[in-house]
Amino acid sequence: MSRVTVMGTGYVGLITGVCLAEIGHSVTCIDIAPEKIEQLRRGISPIFEPGLTDLIEENLRSGNLWFTNKPEEAIPQSEFIFIAVGTPQREDGSADLTYIQQAAKTIGAHLSILNTVIVTKSTVPVGTNGKIEEWIKDSLHATIPFDVVSNPEFLREGSAIQDTFQADRIVIGSENEESAQRVAALYEPMNIPIFNTNRESAELIKYASNAFLATKISFINEIANLSEKLGADISDVAYGMGLDHRIGTAFLKAGLGYGGSCFPKDTNALVQIAGGVDHRFELLESVIKVNQQQPLKLLNKAVQHFGSLQGKETAILGLAFKPNTDDMREAASITLIEHLLAAGAKVRAYDPIAAGHAQKIFGDRIEYSGSIEECLHQADMAFIATEWEEIKLLPLSIYQKQMKHPVIFDGRNCYSLAEAERHQIDYYSIGRKTST
Ligand code: NAD
């Protein structure tokens, strides 16, 4: 059992802290947001993630998990300090390291036992772990040996706990063998393959992995756009491609493009990282451009169908950037809604979890429905933006029953064309024939 502090109780920090507590470590999670800590102490999760509340309650009860906003209560006793604070995107696309620097200074100010290992979970540009080391050194009040290890995170929101316990690999970046071994030992009960490398490679593995997955998504979306023009069906094309295990089926689902808190910012950051060493990453620049245009392709179909969208009652089904999360950061629904509003449409939206976040973005510029039926009622058109289970499995008869005349713009290819034809619905999707 080790004493661990986790800085940041967002998606990554909270999941990391709770999972390390679950395998027996004594974990204190700290955050600068007092309301989050207040909630967490009462066993309430500030984020939606399947299974998380149960694990928080269980580990609070067993005494393995603590929450505080006072770093001095946790850092001085810790053998490991995980940094899991945000690294948002700056205006120029590069990663903003303000929170990382603050966290490093806080660590330096409170470090007191010898040989604490600082473990960087946040996604940070190549070379940042070296800077973290310097920032901590500059804030120390005495000469205290410590080490900084890169340990990037690969979990996905919506299946974060499962992803943590059944990860494909744990990447540990360190030139110091002893520190790397200590971090590996911390994870040992999870029985996950460990890959050791140097810090720079570990930092780059994270960006390269996200950029590669984003590339797969933009690639299949471009093939979908081509399929529409060539009379091919993207579902069959993607399936046929995926049968080749060199390609694989994962991340070959055409749709509205990628969103969320990671892919958009990490692809932009990697373009900036490359630029910093005089390398123009043209492939990734195109991936980003394709992704920005993808939601507009579906919107153009609505413009072509109706001529003008002025005054059209529009139902948006799903707001979160993907199912099973309340996260709306960079969600395709935002692009869709902003363009629909600019075109004069009247928008109301339904999401089982993310409506609260949407309210912060759109305020009263749109309406929020309490159910799918309410959202569709008397609508001129419906956009499917997130394939939540209840949206994906919604019988098409509900659209027929609720809408004036059902016109669906399905950004997630939830229905078969045969079904849409059977229900005589005007059905537009991605990379497939239009059914009218
Ligand atoms: P988040 O914004 O959800 O959470 C960050 C938390 O850190 C916030 O609660 C904030 O209050 C807290 N914080 C900021 N400064 C602090 C400080 N000095 N001390 C203590 N707490 C502090 O972020 P996230 O989504 O968990 O992402 C964290 C990092 O992990 C980012 O670098 C991100 O790119 C990376 N990452 C995220 C995911 C994901 O799916 N969200 C997956 C892999 C990697």
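Scroll up to find the structure.
Heads up: these notes are all about the structure in this document. Just so it is clear, the structure is predicted and the values come from calculations on it, not from any experiment.

Describing the overall build of the chain
Phase 1 of the analysis: Of the regular secondary structure elements, the chain holds 17 helices and 14 strands.
Phase 2 of the analysis: For the chain, the C-alpha radius of gyration of 23 Å lies close to 22 Å, the compact-globule estimate for 436 residues.
Phase 3 of the analysis: Taken along the three principal axes of its C-alpha coordinates, the chain extends 75 × 45 × 40 Å.
Phase 4 of the analysis: Scored against the burial criterion, the 436 residues of the chain give a buried share of 47%.

Quick word on the packing of helix H8 (residues 199-230) against helix H11 (residues 282-306)
Phase 1 of the analysis: In the contact formed by H8 and H11, the axes pass within 9 Å of each other and the chain directions differ by 50 degrees. Judged by the inter-axis angle, H8 sits oblique to H11. For the pair H8 and H11, the crossing hand works out as left-handed. Across the interface between the two elements, Ala 211, Ala 214, Thr 215, Ser 218, Asn 221, Glu 222 and Asn 225 of H8 pack against Leu 284, Val 287, Val 290, Asn 291, Gln 294 and Lys 297 of H11.
Phase 2 of the analysis: Taken together, the residues that form the contact of H8 with H11 break down as five nonpolar, six polar and two charged.

Observations regarding the sheet that holds strand S9 (residues 313-317)
Phase 1 of the analysis: Sheet architecture is open: six strands sit in the order S11-S10-S9-S12-S13-S14, paired in parallel fashion. Looking along the sheet, the strands with just one partner apiece sit at the ends: strand S11 (367-368) and strand S14 (426-428).
Phase 2 of the analysis: Sheet topology note: the S9/strand S12 (residues 381-384) ladder contains four bridges and is parallel. Bridge pairing in S12 links Ala 315 to Ala 382.
Phase 3 of the analysis: Helix-sheet contacts for H11 involve S12, strand S13 (407-410) and S14, and the interaxial angle to S13 is about 160 degrees.

What counts, and where the lines are drawn
Residues numbered from 1 in each chain as written. Predicted model: local features only at pLDDT ≥ 70, side-chain atom pairs only at ≥ 80, totals over all residues. Helix = DSSP H or I, 4+ residues; strand = E, 2+ residues; numbered from the N terminus. Rg over C-alpha atoms; globule rule 2.2 N^0.38 Å. Buried ≥ 20, exposed ≤ 12 C-beta atoms within 10 Å, placed from the backbone. Axes fitted to C-alpha atoms, helices over the stretch in contact; angles between N-to-C directions. Parallel < 35°, antiparallel > 145°, perpendicular 65-115°, else oblique. Left-handed = near helix turned anticlockwise from the far one by under 90°. Contact = placed C-beta atoms within 7 Å. Nonpolar A, V, L, I, M, F, W, Y, C, P; charged D, E, K, R; others polar. Pairing = 2+ DSSP bridges.

These results come straight from atomic positions and should not be treated as a statement about function.
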